[in-house]
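Topology and contacts: notes
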Amino acid sequence: MESEDPEMEREDAEDEREDAEDEREDEEDERRRLRLVEAITALRGGRKKPLGERSEAAVRVSEFAVTAEGERQKVQLSDLIEGAQQSPAVPTQTRKQLQNLRRSQKTVEQPLSRQESERVQRDLAFQKAAVHVSRWKSVVTQNRRSEQLVFPLNQEPSGPKPLEKVVTGWRVQTPLEQEVFNLLSANKQPIHDPVLSPAEEASLRAMSLEEAQIRRAELQKARALQSYYEAKARRERKIKSKKYHRVQNKARRKEFLKQFDQMVKTDPNGALEELNKMELARMKERMSLKHQNSGKWARSKAIMQQLELNKDLTQKVRSSLSNLEEQEDRASDPELLPDFVNDAEPGQVSSNPWMRGELSAEPAEAQRSEQEVAAAAAQKEQHEEGEALLRDFESRRKLRQKEEEEQEAAGQDVEDSDEEEGPADQEEEGLSEFRSLFRGVAEGLKEAAATASSAGCSSAPLEGGLIRIRTVEDAELLPPEDVELLPCSESPPSAPQEEAPPTGQKARGSKKRKRNIELKEVLTKDAKTVTVPLAPTLTDTADGSDEELDQRGLIMEAFAGDDVIADFLRDKRKQEDAAKPKVVDLTLPGWGEWGGQGLKPSSRKRRRFRVKVAPAEPRKDQHLPGVIISEQRNGSLSAHQVSALPFPFENHAQFESAVRTPLGRTWNTERTVKKLTMPKVLTQLGTIIQPMTEEELARKKASAAGAGKEDPHKTKDQKRRARKGRKRHQKQLKQGSGRTEGIRCECKVDLVD
Amino acid sequence: MTTLLILSEQAPSRYWQELQKEKDEAKDAGAGEGNKEPTTEEAEESNTPKQKKRKFKEKRDQNQDKKCISGKSDPFPGKARIPEDRLQKFKRKEKIKKPPHQHYKLRTMIARSEEASEMAQKQAARFDLLLPEEAGFLEGDEGEDTCLVSQEDIANAVDITSGAKHFHLKLSQFGPYRIDYSKTGRHLLIGGRKGHVACIDWQSKHLMCEINVMESVNDIKWLHSESMYAVAQKKWLYVYDSNGIELHCIRKFNDVLRMQFLPYHFLLATASSTSFLQYLDVSVGKEVVAINTKTGRLDVMCQNPQNAIIHLGHPNGTVTLWSPNQKEALVKMLCHQGAVRSLAVEKNGTYMVTSGMDKKLKVYDIRAFKPLKSYFLPAGASCLSLSQRGLLSAATGDIVQVYRDVWSTPVTKPYMAHRVRGTVWGLHFCPFEDVLGVGHQDGFTSMLVPGAGEPNFDALDANPFRSAKQRQEWEVKALLEKIQPELISLDPTELGHVDRATFEQKHEDRVKALGFDPLAKVKFIPKFKKKGRSSAGHVEKRKKQVAHEDQRVSDPEQEI
């Protein structure tokens, strides 16, 4: 509303003026009309005061104070410039401008309110301040991230100064020195910087500006060319089209052939060389694995099937026939036996009288004999006692064996209910069948083999190697341990010891047997005998609790090992079992079926209600047969350990590697300790630490710029980051449309620089 | 040619001008060659290794060119090189692999710690040079066995001071002797079975005290310094000072058979005939823990100097490892078929040597608990002792044998052998000396064993030449640096590890509270792409491209 008002008024006024020009006579009416208008305007509100003429005298009259000649009329632009239009003093250009001004009907905008203007001013002031302050940002971040801050800044570096500096700062004082320096300067010898003579300096200054510019231009051109070439090569290399490469290769080949043809004419020697090269390349290709259909595609199933089919179709028909023949051959050959002859015979102990007890005692005997050799022969009279002891051991061992077998049987019952029995049973059956057959054959052949066995008696135990039994004769040739060992007892005592543990032991459960053997191997690992030049004259009579080392002790010593191993294994198994997670059986008898004494819940139900627990982690000692490692956690240490990762670390390994170096003086040199325990802020006692000044900032910037140009230490990473930052700001610049945004962007750019 | 040119021009007034000219010419010539194809050379400019090498070379050349005030160039520019093997010696763990994206704080932190540890390693390797002493060995002439060289011959051949270190104390009255050297190797403690206890400054042969406790003595041990020692007597454990005054009778420790002192923990570990393993903190005089090992009489004991774990040998052929923090054995190893007679652990905690009633001598790698070597000694070994440089002494009856390198090369005969008068009862190498002390039925014999002791001592740790004042200083420092018994574990570096069990527990709680796993790996979701690149097939293909990353264990912590 208000904005329209002046326009309306102006229009009114114009109309009036025309009226006045045209009909001056109707002044009466006019006055009335004016009065009416005045009344109307008065109705709107007496805001506008009539402009009165000022009465004070003044040198300069303000143009705003000028009123129109009639009363209550506004000054129009035309009133003011009318004179100018006519006067010749005003140039035409100005006149035109004035006319344009007159034609334009635009009004001037209202000035902003006080609050708004203040806000704009504040905004601007903030931006200015932000720009000013943000120049410090890089310094602040640098200081925050720096390893150590030293205050006050710009200290003179302590310690010895370089010689050059000292020399340049030195003044001539004595007459002798003056004389010397006069001489030096007269001969154009270096005085201040003795490393560079004037001639060298001159040579340094030799390159003129123009030359340098030319050189620079050349370098620039070369660099540009190189970059073009690189870009092209990169683009071409990235082309994945096979066709393109095929075509290109073909073209290249063609061109090469053409060149070669030319070469034959012009330079036959060179052509020959080329030919040789080609030949070599071809040979290399033939040697390589290319074109052998060993690729992924060639080995794919479909292709293989095709090839197989091809092979089948093209092969001779004879193959199946010959197979048959071979089988027959094998079957008809009575001498060849199936492979499981080489397996242990589990049921032998009961059937073979030779295997019943004596053999199991044999290694013990061997050990004893060894002991006897080691001990003096003087203790022979105590043999009877020893034998009694032996018998005692024997009975104990048998007891234990029985016990173990029982245990195992029980254990197996519990354990392998599901799958283990199947294949084992089958094998067992096959074995027993074969064994009955084998016995028949063997008896038939015994006479024939008798001579051979007698011959082999002396050789076989000496050889001692493992022979794979393939024929019955082979089996017979094996040392018949029980019969033949007695006459052959003169053979070295080590031979029986090396022999495998008695067959009775072999017959035990496969799992346990394995472990047992391993452990034995570990314990009887071939010990190297050490020869001592001096033989001990005294035995350890005072050993332990003053017990005497007699026959009894010796035997105890010899047989101790047996108990030891079994005990240890039992212990280990107990520990393993204790650590194993237990299966929880939640079966309730009588639910869903009949219950009562003698009735067991069905296996299906039991299986269903058995809660299986996740298997335990593999034990630390699972591959160490002779070691039990406790799986208990060391709780006392955990109180001192770090249990949460400190902030910047993302995983254990990072943290652990960061704390791996000890800090103390016990492990480090003094300098390292000082470096490791360096304080974050270092201040000098008794000095005032002034705040940083602007000059400091400028100096830092200059040094940074200088370093940035040719700083080799600036890592790739930093450069990349800087580039990224610049890009980001460019993006922002593009996005920013308003004035304020532009300014903000500028200040950010400042920051980066 | 150059000389001719110079002659034709003018004689140089300064010698370095001449050099400079020659160099300039050489440079010009080089430049001329280079100018033939300047563009190609520039074209080659890229960050290839070759380029880097050249740059490096140039830098070195510059370094060489840099002149001192005298005008001569430094013939050995830069820092002195450190031999690779020496660097390896001071290495602590490998560097970790850098993951691709890291927080900048993490990056700087890791970089700084890496730098620091590298500096520590390098400095230590550099200053290893300052250990000048070297160990020697006895070397026989051709066809001469070193084990046949008698002690008298050695004592006559060496200088008087060293020769005086071979001596014999004839003490036949009070039965077989146990012995112990103090940590610095200056003081000797001998304890006869029938109650005779004496401490001697054995180098000056000065007798510090001599008492008879009027009871049978099972074992003796120096405590942290030479001012106090513990004696395991018939019933109780006693502590005496160096003047022979009884300081304590510890009634909590009864029937002690063997003792070991852990110097950095100030712990006296005792093994009793009632199968108790007890720890006494000698700095505060309190029993730390008493463990019932339930393994019968404990008369074989030794300590692992690296991790302060106590090793016990048992009559059933096993060796058990104990720490005061666990009531059950940390490790139980079956070592012998007969009873274990003696044990010894090497200084670095790498090897353990055991001997048993089966007359075998076995060497174990105690870090992996695996047997390394097994020897058959004709008469077995009743006492074992390892020297600082890895010599093994074994006593069989009245013969003391010394072996070299039992763990690396198979040994067939001893390095040295000596017969003493009577059965050997105690065997101990003297620290920082080439001396082996043997306590036996007839007293004490000090043997010379070349190459046994560590030639370089750490004066801040164990200084054989320290004065009383220095000893007091050291005592205070050692007490301040005392390690608490809770920190004893099989792996001494375990303290620097994150406690995984607690960490996982805490993490679980956190996941429960937050409702999600903050450390979980973000599942790969392929970006939407235009022009049909986000078809189902394409998306699958892109997923497949990163599938292997999930399979790989990227987190080193998960690996463990």
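Residues numbered from 1 in each chain as written. Chains lettered and ligands numbered in written order. Predicted model: local features only at pLDDT ≥ 70, side-chain atom pairs only at ≥ 80, totals over all residues. Heavy atoms only, no water.

Concerning the overall build of chain B
Basically, it comes down to this: Runs of H or I in DSSP of at least four residues are treated as helices and runs of E of at least two as strands, each being numbered from the N terminus. Relative accessibility thresholds used throughout: buried, under 20% of the residue-type maximum; exposed, over 50%; partly exposed, between the two (1.4 Å probe, protein chains only). It only takes one pair of heavy atoms within 4.5 Å for two residues to be counted as in contact. Surface accessibility follows the Shrake-Rupley procedure with a 1.4 Å probe radius. Residue values consider only the protein chains on display as shielding.
The helix and strand inventory of chain B stands at twelve helices and 28 strands. For chain B, the residues scored as buried account for 45% of the 560 residues in total. In chain B, once contacts between residues fewer than 6 apart in sequence are set aside, the share between residues at least 24 apart is 45%. On chain B, roughly 30400 Å² of surface is accessible, and the fraction owed to carbon and sulfur atoms is 53%.

So, helix 11 (residues 536-551) of chain B
Let me state the cut-off plainly: Expected span, for any helix, means 1.5 Å times one less than how many residues it has. Bend, in this description, refers to the angle at a residue between axes fitted to the seven residues ending there and the seven starting there.
A rise of 1.5 Å per residue sets the reference length of helix 11 of chain B, with its 16 residues, at 22 Å; its end C-alpha atoms lie 23 Å apart and thus fit the reference within 8%. Residue B:Gln545 marks the point of greatest curvature in helix 11 of chain B, where the axis turns by about 35°.

Things to note about the environment of B:His336
Residue and element names in this part refer to chain B. Threshold: Definition of a polar contact: a pair of N or O atoms within 3.5 Å, with one able to donate and the other able to accept a hydrogen when the atoms are protein atoms, and with sequence-neighbouring residues admitted only if both atoms are side-chain atoms.
Take His 336: it is sitting in the loop between strand 17 (331-334) and strand 18 (340-345). Residues His 336 and Asp 358, 22 residues apart in the sequence, show an inter-C-alpha distance of 6.8 Å. Here the side chain of His 336 touches Thr 354 through a polar contact of 2.7 Å, side chain to side chain. Among the polar contacts listed, one links the side chain of His 336 to the side chain of Asp 358, at a separation of 3.0 Å.

Here we look at the packing of helix 11 (residues 242-266) of chain A against helix 12 (residues 268-287) of chain A
A pair of packed helices is characterised by two quantities: the angle between their axes and the separation of those axes. Residue and element names in this part refer to chain A. Inclusion rule: Only C-alpha atoms enter the line fits that serve as axes; for helices the fit covers just the stretch in contact. Angles between N-to-C directions range over 0 to 180 degrees. An angle counts as roughly parallel when it lies under 35 degrees, as roughly antiparallel when it exceeds 145, as roughly perpendicular when it falls between 65 and 115, and as oblique in every other case. Think of it as three bins: nonpolar holds Ala, Val, Leu, Ile, Met, Phe, Trp, Tyr, Cys and Pro, charged holds Asp, Glu, Lys and Arg, and polar takes everything else, Gly as well.
Remark: helix 11 packs on helix 12, axes separated minimally by 6 Å, with the N-to-C direction vectors making an angle of 140°. Looking at the two axes, helix 11 sits oblique to helix 12. Contacts between helix 11 and helix 12 involve Phe 256, Phe 260, Met 263, Val 264 and Thr 266 on the former and, on the latter, Pro 268, Gly 270, Ala 271, Glu 274, Leu 275 and Met 278. Residues that form the contact of helix 11 with helix 12 fall into these classes: eight nonpolar, two polar and one charged.

Examining the sheet that holds strand 19 (residues 351-356) of chain B
This is how it is decided: Pairing between strands is defined by DSSP: at least two bridges between the two strands are required.
Strand order in this open sheet of five strands is 2(A)-21(B)-20(B)-19(B)-18(B), and the pairing throughout is mixed. Each of the sheet's edge strands pairs with one partner strand only, and the pair in question is strand 2 (528-529) of chain A together with strand 18 of chain B.

Considering the confidence of the model for chain B
Residues and elements named next belong to chain B. Inclusion rule: pLDDT expresses, on a scale from 0 to 100, how confident the predictor is about each individual residue.
Per-residue confidence for chain B gives a mean pLDDT of 85, with 86% of residues at or over 70. With pLDDT under 50 throughout, residues 1-12 is counted as low confidence; its partners more than four residues away or in other chains account for eight contacts. For the stretch residues 18-49, pLDDT sits under 50, and the model shows 17 contacts to residues farther than four places along the chain or on other chains. The complex model carries a pTM of 0.59, and its ipTM stands at 0.80.

Examining the environment of B:Pro315
All names here are of chain B. Looking at the element boundaries, Pro 315 is found in the loop between strand 15 (309-313) and strand 16 (318-322). Judged by relative accessible area, Pro 315 falls into the partly exposed class, the value being 49%. Residues Pro 315 and Gly 356, spaced 41 residues apart in sequence, show a C-alpha to C-alpha distance of 9.0 Å. Residues within four places of Pro 315 in sequence aside, it is in contact with Thr 295, Arg 297, Gly 338 and Ala 339.

Side note on the packing of aromatic side chains
All names here are of chain B. Heads up, the rule is: Aromatic pairing here means that ring centres of Phe, Tyr or Trp (its six-membered ring) are within 6.5 Å. Orientation follows from the plane angle: under 30 degrees is stacked, over 60 is edge-to-face, and everything else is tilted. By the criterion adopted, a ring carries a charge over it if an Arg CZ or a Lys NZ lies within 6 Å of its centre and within 35 degrees of its normal.
By the definition in use, this model includes twelve aromatic pairs over all chains. With centroids separated by 5.8 Å and ring planes inclined at 80°, the aromatic side chains of Phe 137 and Tyr 415 adopt a geometry described as edge-to-face. Of the two residues, Phe 137 sits in the loop between helix 6 (104-127) and helix 7 (151-157) while Tyr 415 sits in the loop between strand 24 (399-403) and strand 25 (416-419), which places them 278 residues apart along the sequence. Relative to Phe 457, the ring of Phe 432 lies with its centre 6.2 Å away and its plane at 75°, an arrangement referred to as edge-to-face. Highlighted residues: Phe 432 in the loop between strand 26 (424-429) and strand 27 (435-440) and Phe 457 in the loop between strand 28 (443-448) and helix 9 (468-480), separated in sequence by 25 residues. Phe 432 gets classed as buried once you look at its relative accessible area, which sits at 19%. An aromatic cluster is built from Phe 167, Tyr 181, Trp 202 and Phe 444, whose rings are joined through pairwise contacts. Sitting above the plane of the Trp 236 ring, Lys 235 keeps its charged end 5.6 Å from the centroid. Positioned over the ring face of Trp 474 is Arg 466, at 4.8 Å from the centre of the ring.

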